[in-house]
Amino acid sequence: MTDSDADLKRRMAEAGRRLGAREAEHAAALAEARTCADRLRERVAEALDAFHEASAAAGAPQLRVELTRTRVDDKHVRSVEFSVQRGRHRAVVTVKSRGEVTLVGPFKAGKTEGPCRTFPIGAGSEISAALGEFLERFLEEAATP
C-alpha cells in the first residue's frame, strides 16, 4: 500500500466517523420513519395484489406493476422511500424522519417529479384517502398507452 493509499483510507475513515456521529442523532427518528413506511408499503402491496388479481381475471395480466422494497430515500439520507413502477411510470412514497409522509407523482422517470402531497405521519385517515387516489392515478397513467 502506498502512502497516498494509506492517506486516502485515513481520510475516508475520518469522514465516516464525522458524518456517522452527525447522523447518529437522527437514528431513532429514521427508525420510526422506516416503521411507518413499511406499514404503508404493506398496505400498498395488499392493494396491488387485489389490482393484479382483478386485472388478470378481466383478461389483462400485462397490467402488473412493481413495488420496490423500502430503502433510504434517493435524495435525503434522513428519509426512506418505496415506489410503484411500470416502465417509465413512477409513484413514490417518502417518509421523512421529521414526521412527514409525501406522495410523489405519478410521473415518468426522467421528467420532473410531482405532483406532491405531504401529510403529518399521524394523519391516518387523510393519508388513507390520498393513498387510494394516488394509486388509482398511477395505475391509470401506467396502463394508458
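Going by the structure above, here's the rest.
Residues numbered from 1 in each chain as written. Predicted model: local features only at pLDDT ≥ 70, side-chain atom pairs only at ≥ 80, totals over all residues. Heavy atoms only, no water.

Undergrad: Would you mind showing me how to read a negative patch on the surface here?
TA: Together, Asp38, Glu42, Glu46, Asp49 and Glu53 make up a region of like negative charge exposed at the surface. Of note, Glu46 is situated in helix 2 (residues 27-57). Given a relative accessible area of 52%, Glu46 falls into the exposed group. (Patch = residues over 30% accessible without salt bridge, like charges linked within 9 Å, V, L, I, M, F, W, Y side chains within 5 Å. Areas by Shrake-Rupley, 256 points an atom, 1.4 Å probe, with all protein chains shown as cover. Salt bridge = Lys/Arg side-chain N within 4 Å of Asp/Glu carboxyl O. Lys, Arg positive; Asp, Glu negative; His and termini not counted. Charge placed at Lys NZ, Arg CZ, Asp CG, Glu CD. Helix = DSSP H or I, 4+ residues; strand = E, 2+ residues; numbered from the N terminus. Buried < 20%, exposed > 50% of the residue type's maximum accessible area, 1.4 Å probe, protein only.)

Undergrad: Quick question: what am I supposed to make of the pairing of strand 3 (residues 79-86) here?
TA: With seven of its eight residues buried, strand 3 lies for the most part within the structure. Note that strand 2 (residues 71-72) and strand 3 share two bridges and pair antiparallel. In the sheet register, Arg71 faces strand 3, and the bridge partner there is Glu81. Hairpin connection of strand 2 to strand 3: six residues between the antiparallel strands. In the sheet, strand 3 pairs with strand 4 (residues 89-96) via eight bridges, with the strands oriented antiparallel. Residue pairing for strand 4: Glu81 is matched across the bridge by Thr94. Connecting the antiparallel pair strand 3 and strand 4 is a turn made up of two residues, with Gly87 showing a positive phi of about 60°. (Pairing = 2+ DSSP bridges.)

Undergrad: Help me out: how do you make sense of the side chain of Thr70 in this one?
TA: When you line up the elements, Thr70 lands in the loop between strand 1 (66-67) and strand 2. Given the relative accessible area of 10%, Thr70 is considered buried. Excluding residues within four positions of it along the chain, Thr70 makes contact with Arg34, Ala37, Asp38, Arg41, Val80, Glu81 and Phe82. (Contact = heavy atoms within 4.5 Å.)

Undergrad: What exactly am I supposed to notice about the pattern of salt bridges here?
TA: A pair can form between side chains of opposite charge whenever their charged atoms are brought close. Taken as a whole, this structure holds ten salt bridges when the rule is applied. Across the salt bridge formed by Lys75 and Glu113, the nearest N and O atoms sit 3.1 Å from each other. Linking Lys75 in the loop between strand 2 and strand 3 with Glu113 in the loop between strand 5 (100-108) and strand 6 (116-120), this pair joins segments that are 38 residues apart in sequence. Owing to a relative accessible area of 57%, Lys75 belongs among the exposed residues under this scheme. Bridged by salt links that share partners, the residues Arg22, Glu23 and Arg78 form one connected network.

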